[in-house]
Amino acid sequence: MEKPRKESRQQVFTLVVQIGRKAGDGLPDGATGAALMCYASGVDEAEAVRETVAILKQADTAPLDVTGYGTLEEREAQGHEIDAEERALMQRALDENAVIVAQMTPFFGDEMD
């Protein structure tokens, strides 16, 4: 007899992670760092942040700062417009219990100040 599937407490959080330079980080020549838009699953935002930082360190990047923007529901309550592509990436992060890096914006010069 199959056990009923336990309801997951996982949620997906939108995070923006600023990274600095590190050898082998894959950032373009001349970049001083980058901002990464990530969707990360976790039982709470703290877990999502910890997992995201750990994965980015494994990927030879240097995470400096993380800003959380909340769950899909929290962002909708704040009036954020969330298109179908973004919703699909959030669902993928939830389905795969993963961190999805959706966008990378490199910084050049003094943009990080």
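Refer to the structure presented above.
Please read all numbers here as calculations on a predicted model, not as lab measurements.

A. The overall build of the protein chain, seen in detail. Helix and strand content of the protein chain: 3 helices and 4 strands. Walking the protein chain from its N terminus toward its C terminus, one meets helices and strands in the order β-β-α-β-α-α-β. Out of the 113 residues belonging to the protein chain, those deemed buried represent 32%. Contacts in the protein chain between residues far apart in sequence, at least 24 positions, make up 71% of those at least 6 positions apart.

B. Focus on the environment of Glu 73. In this structure, Glu 73 sits in helix H2 (residues 72-77). Look at Glu 73 and you get exposed, because its relative accessible area is 52%. Taking C-alpha positions, Glu 73 is 9.9 Å from Phe 13, a pair spaced 60 residues apart along the chain.

C. Examining the side chain of Glu 86 more closely. Here Glu 86 lies in helix H3 (residues 84-95). Glu 86 sits in the buried class, given a relative accessible area of 12%. Ignoring sequence-local partners within four residues, the contact set of Glu 86 consists of Tyr 39, Arg 75 and Glu 81.

D. Inspection of the layout of surface pockets at higher detail. Taken as a whole, the largest pocket spans an internal volume of roughly 170 Å³. As for the largest pocket, its lining consists of Gln 10, Gln 11, Val 12, Thr 71, Leu 72, Glu 73, Arg 87, Met 90, Gln 91 and Leu 94. Only strand S1 (11-20), H2 and H3 provide two or more residues apiece to the lining of the largest pocket. Taken together, the residues of the lining of the largest pocket sort by class into 4 nonpolar, 4 polar and 2 charged.

About the criteria used
Residues numbered from 1 in each chain as written. Predicted model: local features only at pLDDT ≥ 70, side-chain atom pairs only at ≥ 80, totals over all residues. Heavy atoms only, no water. Helix = DSSP H or I, 4+ residues; strand = E, 2+ residues; numbered from the N terminus. Buried < 20%, exposed > 50% of the residue type's maximum accessible area, 1.4 Å probe, protein only. Contact = heavy atoms within 4.5 Å. 1 Å grid on protein atoms, 1.4 Å probe; cavity = no way out; pocket = protein on both sides within 12 Å on 5 of 7 lines; lining within 4 Å. Points joined across faces, edges and corners; volume = space filled by probe spheres on them. Nonpolar A, V, L, I, M, F, W, Y, C, P; charged D, E, K, R; others polar.

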